[in-house]
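# Inside the fold
This is what each chain is made of:
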Amino acid sequence: GDSVTQTEGLVTLTEGLPVMLNCTYQTIYSNPFLFWYVHYLNESPRLLLKSSTDNKRTEHQGFHATLHKSSSSFHLQKSSAQLSDSALYYCALSDRYGGSGNKLIFGTGTLLSVKP
Amino acid sequence: NSKVIQTPRYLVKGQGQKAKMRCIPEKGHPVVFWYQQNKNNEFKFLINFQNQEVLQQIDMTEKRFSAECPSNSPCSLEIQSSEAGDSALYLCASSLYRTSGNTLYFGEGSRLIVV
């Protein structure tokens, strides 16, 4: 079945350094939709960015990701980490079965901790 | 601020007790999802609806949970007999469409502690 893999459970960075959070996926669907959600403590998870276009960079709030179908990847990047970026980040894949109502399949999440 | 409203924010139940959570989806969103975020922060899909109709649910939800989204009332998720392993953050989300690629908008969750 469809799945999403996030290899890092915890990423600890010093403020100002670049961020890269890994995400790979498995699906037999040729046109998957990939998402990054961010979850701050005591807030609701919210969409950071999404894409279904191969090899096109998608950006939002300083973060960017490019869907690469050839490697089934959708890594999240940012050029310079800020203290306020500390949160849980989830990569997700949209279920290809329209009948199931666009269920999202989430990775296990990566906790990003940015230190001064 | 989230426009998906979940109540209560916290609930504490003894093992075997019922636990009920409610969700008001974002206005105009007919598709509603329930996810469980466990102690390892993993998101587990439980069930989703379009209006009052169940679209998909997992086995656990079918056997031990009851959920509904009645017309003109909040959606609800109820655990019939709480177990220790049910302690988690229960997240409700809504979406405008059921097609692939639509954004899910989440509430802040109801945190269940089973003692």
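In what follows, the accompanying structure is described.

So, how was this worked out
Residues numbered from 1 in each chain as written. Chains lettered and ligands numbered in written order. Predicted model: local features only at pLDDT ≥ 70, side-chain atom pairs only at ≥ 80, totals over all residues. Heavy atoms only, no water. Phe/Tyr/Trp six-rings, centres within 6.5 Å; stacked < 30°, edge-to-face > 60°. Helix = DSSP H or I, 4+ residues; strand = E, 2+ residues; numbered from the N terminus. Buried < 20%, exposed > 50% of the residue type's maximum accessible area, 1.4 Å probe, protein only. Pairing = 2+ DSSP bridges. Axes fitted to C-alpha atoms, helices over the stretch in contact; angles between N-to-C directions. Disulfide = S-S within 2.5 Å. Contact = heavy atoms within 4.5 Å. Buried area = accessible area lost by both parts, 1.4 Å probe. Salt bridge = Lys/Arg side-chain N within 4 Å of Asp/Glu carboxyl O. Polar contact = N/O pair within 3.5 Å; in protein donor to acceptor, adjacent residues only side chain to side chain.

Turning our eyes to something else, we now look at the packing of aromatic side chains. Going through the model one piece at a time under the given rule, you end up with 14 aromatic pairs over all chains. Arranged with centres 6.1 Å apart and planes meeting at 90°, the rings of tyrosine 90 of chain A and phenylalanine 106 of chain A form a pair that is edge-to-face. Of this pair, tyrosine 90 of chain A sits in strand β10 (residues 87–94) while phenylalanine 106 of chain A sits in strand β11 (residues 104–106), and the two are 16 residues apart along the sequence. In this structure, tyrosine 90 of chain A and phenylalanine 106 of chain A share a single accessibility class: buried. Between tyrosine 90 of chain A and phenylalanine 43 of chain B the ring centres are 4.4 Å apart and the planes differ by 45°, which places this aromatic pair in the tilted class. Taken together, the residues tyrosine 90 of chain A in strand β10 and phenylalanine 43 of chain B in strand β5 (residues 43–50) connect one chain to another. Under the relative-accessibility criterion, tyrosine 90 of chain A is labelled buried at 0%. Assessed through its relative accessible area of 10%, phenylalanine 43 of chain B is described here as buried.

Note on sheets: strands pair through backbone hydrogen bonds, and any given pair is parallel or antiparallel. Residue and element names in this part refer to chain B. Ordered in space as β1-β3-β8-β7, the four strands form an open sheet in which the pairing is antiparallel. Only two strands of the sheet have a single neighbouring strand rather than two, namely β1 (5–7) and β7 (65–68). This sheet shows a mean twist of 15° between the axes of neighbouring strands, independent of strand direction. In the sheet, β1 pairs with strand β3 (residues 19–24) via three bridges, with the strands oriented antiparallel. Note that in β3 the partner of threonine 7 across the bridge is arginine 22.

Let's shift gears to the state of the cysteines. Residue and element names in this part refer to chain B. A complete count under the given rule lists three disulfides over all chains for this structure. A sulfur-sulfur distance of 1.9 Å marks the disulfide that ties cysteine 23 to cysteine 92. Taking the sign of the S-S torsion, -65° for the link of cysteine 23 and cysteine 92, the bridge is left-handed. One end of the pair, cysteine 23, is in strand β3; the other, cysteine 92, is in strand β9 (residues 88–95), with 69 residues separating them in the sequence. Its relative accessible area of 0% is what places cysteine 23 among the buried residues. Here the bonded cysteines of chain B are numbered in sequence order, and their pairing is 1-4, 2-3.

Here the focus is the sheet that holds strand β3 (residues 19–21) of chain A. Residues and elements named next belong to chain A. An order of β3-β9-β8-β7 is seen for the four strands of this open sheet, with the pairing classed as antiparallel. What marks the edges here is a single partner per strand, and that holds for β3 and β7 (57–60). Each strand axis lies, on average, 20° off the axis of its neighbour in the sheet, ignoring direction. Where strand β8 (residues 63–66) lies against strand β9 (residues 76–78), three bridges are found, and the strand directions are antiparallel. Its bridge partner being in β9, phenylalanine 63 is matched across the sheet by lysine 78.

We now examine the interface of chain B and chain A. A common way to report how large an interface is uses the accessible area buried once the components associate. Taken residue by residue, the interface counts 29 residues in chain B and 23 residues in chain A. Both faces considered, chain B and chain A share a buried interface measuring about 2000 Å² in area, 51% of it formed by carbon and sulfur atoms. Connecting chain B to chain A are zero salt bridges. Put simply, chain B and chain A have eight residue pairs in polar contact (both at pLDDT 80 or more) between them. Going through the elements one at a time, β4 (31–37), β5, β6 (53–57) and β9 of chain B are the ones with two or more residues in the side of chain B that touches chain A.

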